[in-house]
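Report on the structure
Residues per chain are reported as follows:
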Amino acid sequence: MILSMSGVVLLGIIVFLFFRKDGLKGSHAAVSALFGFYLASTAIAPSIKAGGESLASLLGGIKF
C-alpha cells in the first residue's frame, strides 16, 4: 500500500505541474488517466466517489 500511495502522490504532482506549465496535452491526459486509475485503488476512493455522487445530486437538483 505504501508503494501505491507514493505512486499516487508522484502522479498527482506530475499532473499538477502539467496543468501549471503547459496546459493539458495528449501525453498529459494519459498521465492524468493513469493517476485516476491509481487513485481509484486507494483507500480514499470511496470518499471521492461519495463526494462525486453528492455533487451530481446537488447539480441535478438545480432548477432553472
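Cut-offs and rules
Along each chain, the written sequence defines residue order, and numbers are assigned to residues from 1. Local features in this predicted model are restricted to residues whose pLDDT is 70 or higher, and side-chain atom pairs enter the listing and the counts only when it is 80 or higher, whereas totals over whole chains, interfaces and linings include all residues. Only heavy atoms go into the side-chain values, all of them from the structure, while hydrogens and water stay out. The helix count covers DSSP runs of H or I at least four residues long, the strand count covers runs of E at least two residues long, and both are numbered beginning at the N terminus. Exposure classes here rest on a 1.4 Å probe applied to the protein chains alone. A residue is buried below 20% of its type maximum, exposed above 50%, and partly exposed in between. All accessible-area figures derive from a Shrake-Rupley calculation using a 1.4 Å probe, and residue coverage is judged against the displayed protein chains alone. Here pLDDT means the predictor's own confidence in every residue, given as a number from 0 to 100. The contact rule is simple, with two residues in contact once any of their heavy atoms fall within 4.5 Å. A residue counts toward a patch only above 30% relative accessible area and without a salt bridge, and it is joined to like-charged neighbours within 9 Å or, for Val, Leu, Ile, Met, Phe, Trp and Tyr, to nonpolar neighbours within 5 Å. One speaks of a salt bridge when a side-chain nitrogen belonging to Lys or Arg is within 4 Å of a carboxyl oxygen belonging to Asp or Glu.

The name that an unreviewed UniProt entry assigns to the protein is DUF2304 domain-containing protein, with the source organism given as Streptomyces pluripotens.

**Considering the overall build of the protein**
Scanning the protein for helices and strands turns up three helices and zero strands. Counting from the amino terminus, helix and strand elements in the protein follow one another as α-α-α. Out of the 64 residues in the protein, the part that is buried amounts to 11%. Carbon and sulfur atoms provide 74% of the accessible area of the protein, an area that totals close to 5,000 Å².

**Topic: the confidence of the model for the protein**
Detailed reading of the predicted model is not advised wherever pLDDT is low. With 89% of its residues at a pLDDT of 70 or more, the protein shows a mean pLDDT of 76. Averaged pLDDT values for the elements of the protein fall to 73 in helix H1 (residues 2-21) and rise to 80 in helix H3 (residues 45-60).

**Here we look at the environment of glycine 23**
The residue glycine 23 is located in the loop between H1 and helix H2 (26-40) in this model. Not counting residues within four places of it along the chain, the set of residues in contact with glycine 23 comprises Phe18 and His28.

**Quick look at a nonpolar patch on the surface**
On the surface, a cluster of nonpolar side chains totalling about 630 Å² of accessible area is made up of Leu55, Leu58, Leu59, Ile62 and Phe64. Mapped onto the fold, leucine 58 is located in helix H3.

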